[in-house]
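# A closer look at the structure
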Amino acid sequence: MYLTKEEERIYDGEHGWANQICMKILVRLGELFHATRLIPIESAHVSGVSYKTLGDAPGKFLETLANADGKVRVKATLNPQSFDPEYLGRKLPEHIREKQLNILRQFEKMGFTQSLTCTPYYLEKPKTGSHLAWAESSAVVYTNSILGAWTNREGGPSALAAAIIGKTPNYGMHKAENRQPNILVNVKTSLKNEAEFGALGIYLGKILKDKIPIIWGLKNASEDELKQLGAALATTGMVNMFYHNIQLERRTMEKISVEANDLKRTVESLSTAAKSKPDLVFIGCPHCSLTEIRRIAKLVDGKKVDAGTEFWICTSRYVKERSGNSVERIEKSGGYVLTGMCTIVSWTETLGIKTIITNSAKTAYYAPTLNKAETVFAPLKQCLKTALEE
Ligand code: F3S
């Protein structure tokens with residue numbers, strides 16, 4: 001891999017240990033994927049922020065990097081942490097809170113924006129055609145497919161290294177020839193809500209693996225529905241992008257179709273709970289947009305959440321602060337708009353949550369393993385009906 005004189009100096013340690021180790025991570029990765037050089041990035045987004053999934057050893061590495069003067073060179077954002085400080089944080093033991101806060105302190109010391117969201121594109125949209133190093137798979141699919149920026153699906157360490165060096169190796173999704181569609185998916189049933197978009201993603205992810213599909217039949221899909229589709233595609237597959245609004249068809253292109261029954265079976269498979277009354281009604285995976293928060297507020301207006309049911313809506317602090325009176329209306333109903341956290345990597349077991357109802361296919365897929373919880377997978381309106389008193 002070609003390195004400029006300056007990059008070589010960083011590689012040789014002339015700019016300190018933190019820069020050297022990050023450069024070594026990027027060069028190793030580049031060599032593995034036959035990159036020819038490093039290219040500048042507009043931004044980096046790092047996952048692996050939750051103490052629950054990170055544990056102690058990576059936390060120590062972050063501390064060493066921050067103490068060795070590791071500093072980000074580009075705009076760098078963070079995925080969600082393991083609790084919302086104002087609500088869940090208060091219910092958790094002191095040692096968990098302290099460990100999590102220490103991780104955030106190290107990132108802050110290195111210059112990361114405390115965005116704590118898996119939808120960093122709501123804070124600032126990356127420019128079309130810009131190169132990024134993002135590590136949250138749902139955000140990777142969204143930004144490649146909907147926003148037209150270019151990023152590989154980074155791991156936490158490579159996104160961190162890219163943030164500090166300000167560059168990434170030019171392979172994979174950074175090259176136009178690797179962004180060409182190679183399979184045509186004909187969806188032969190109309191999707192009725194965001195949950196069905198998620199189910200389609202779960203179904204297709206298993207079949208497509210790392211292919212790039214053109215998906216036909218998604219008439220008038222909203223960005224929020226496409227967000228659910230992308231998050232789910234990346235849950236069961238290695239899909240990094242999809243096309244949905246082009247008519248291109250090559251004779252040599254592989255073709256598959258999705259029937260109503262495929263979708264029905266997938267929706268059913270995402271519910272594991274025998275009892276219908278969940279402890280937690282959860283919306284916000286990926287984190288809610290302003291439009292979603294406003295829609296929820298409208299639907300819960302004047303109603304009350306059932307006693308004994310937790311009702312969480314997760315988003316970024318940025319979106320919450322711009323939601324006006326929607327947050328008040330949701331909170332008046334007994335729901336909580338929680339910021340900066342991801343339910344999947346939060347301490348739901350510690351809080352006694354055994355059954356979760358959600359409109360997110362990604363959460364429904366992971367919760368039985370990661371949260372040891374039963375799931376009910378349903379569209380937003382049905383989730384809210386469960387949360388609210390009749
Ligand atoms: Fe975001 Fe967590 Fe879902 S990071 S995409 S809320 S699993």
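Just above, that's the structure.
Residues numbered from 1 in each chain as written. Predicted model: local features only at pLDDT ≥ 70, side-chain atom pairs only at ≥ 80, totals over all residues. Heavy atoms only, no water.

### Regarding the site of the ligand
As a structural note, the neighbourhood of the ligand is formed by Asn79, Pro80, Cys118, Glu136, Ser138, Gly284, Cys285, Pro286, Cys342, Ile344 and Lys362. One can see that the ligand is located within the largest pocket. Looking at the shell around the ligand residue by residue, the classes come out as six nonpolar, three polar and two charged. Per-domain counts for the shell around the ligand show at least three residues from each of domain 1 (5–176) and domain 3 (280–387). (Near = heavy atom within 4 Å. 1 Å grid on protein atoms, 1.4 Å probe; cavity = no way out; pocket = protein on both sides within 12 Å on 5 of 7 lines; lining within 4 Å. Sits in = over half its atoms within 2 Å of the grid points. Nonpolar A, V, L, I, M, F, W, Y, C, P; charged D, E, K, R; others polar. Domains from an automatic or database assignment.)

### Things to note about the sheet that holds strand E12 (residues 336–339)
Spatially, E12-E11-E10-E13-E14 is the arrangement adopted by the five strands of the open sheet, whose pairing is parallel. With one partner strand each, in any of the chains shown, E12 and strand E14 (374–377) form the two edges of the open sheet. Shown here is a sheet whose adjacent strand axes are inclined to one another by a mean of 30 degrees, direction ignored. Sheet topology places strand E10 (residues 280–283) next to strand E13 (residues 355–358); three bridges connect them, and they run parallel. (Pairing = 2+ DSSP bridges. Helix = DSSP H or I, 4+ residues; strand = E, 2+ residues; numbered from the N terminus. Axes fitted to C-alpha atoms, helices over the stretch in contact; angles between N-to-C directions.)

### Here's the deal with the pairing of strand E4 (residues 131–134)
Where strand E2 (residues 43–46) lies against E4, three bridges are found, and the strand directions are parallel. Bridged to serine 43 within E4 is leucine 132. Both E4 and strand E5 (residues 150–153) contribute to a ladder of four bridges, which runs parallel. Following the sheet pairing, alanine 133 is matched in E5 by asparagine 152. With helix H6 (residues 137–147) bridging E4 and its parallel neighbour E5, the resulting β-α-β unit is right-handed. (Right-handed = clockwise from strand over helix to strand, strands pointing away.)

### Quick notes on the layout of surface pockets
Reported here for the largest pocket is a volume of approximately 510 Å³. What lines the largest pocket is a set of 32 residues, among which Asn79, Glu136, Cys342, Val345 and Lys362 lie closest to the centre. The set of elements that each furnish at least two residues to the lining of the largest pocket consists of helix H3 (51–54), H6, helix H9 (223–236) and helix H14 (361–370). When residues in the lining of the largest pocket are grouped by element, the largest group, four residues, is from H14. Looking at the lining of the largest pocket residue by residue, the classes come out as 16 nonpolar, 12 polar and four charged. Approximately 380 Å³ is the volume attributed to the second largest pocket. If you trace the second largest pocket, you find 17 residues lining it, with Asn152, Tyr171, Gly172, Met173 and Asn240 closest to the centre. Looking at the lining of the second largest pocket, its residues break down into seven nonpolar, seven polar and three charged. (Points joined across faces, edges and corners; volume = space filled by probe spheres on them.)

### Let's talk about the state of the cysteines
Think of a disulfide as a covalent bridge from one cysteine sulfur atom to another cysteine sulfur atom. Scanning the model with the defined rule gives zero disulfides in all. The structure places no disulfide on cysteine 314, whose sulfur is separated from the nearest cysteine sulfur, that of cysteine 342, by 7.5 Å. According to the relative accessible area criterion, cysteine 314 is buried, its value standing at 1%. (Disulfide = S-S within 2.5 Å. Buried < 20%, exposed > 50% of the residue type's maximum accessible area, 1.4 Å probe, protein only.)

### With respect to helix H5 (residues 94–109)
In a regular helix each residue adds 1.5 Å, so 16 residues correspond to 22 Å; H5 covers 22 Å between its end C-alpha atoms and thus fits that length. Listed in full, the buried residues belonging to H5 are Ile96, Gln100, Ile103, Leu104, Gln106 and Phe107. Projected down its long axis, H5 shows its buried positions confined to an angular sector of 155 degrees, all on one face. Looking at the packing, one finds that the buried side of H5 touches E2, H3, helix H4 (56–67), strand E3 (75–78) and helix H7 (156–165). One or two steps after H5, the chain reaches glycine 111, where phi turns positive at roughly 100 degrees. (Expected span 1.5 Å × (residues − 1). Arc of directions from axis to C-beta. Contact = heavy atoms within 4.5 Å.)

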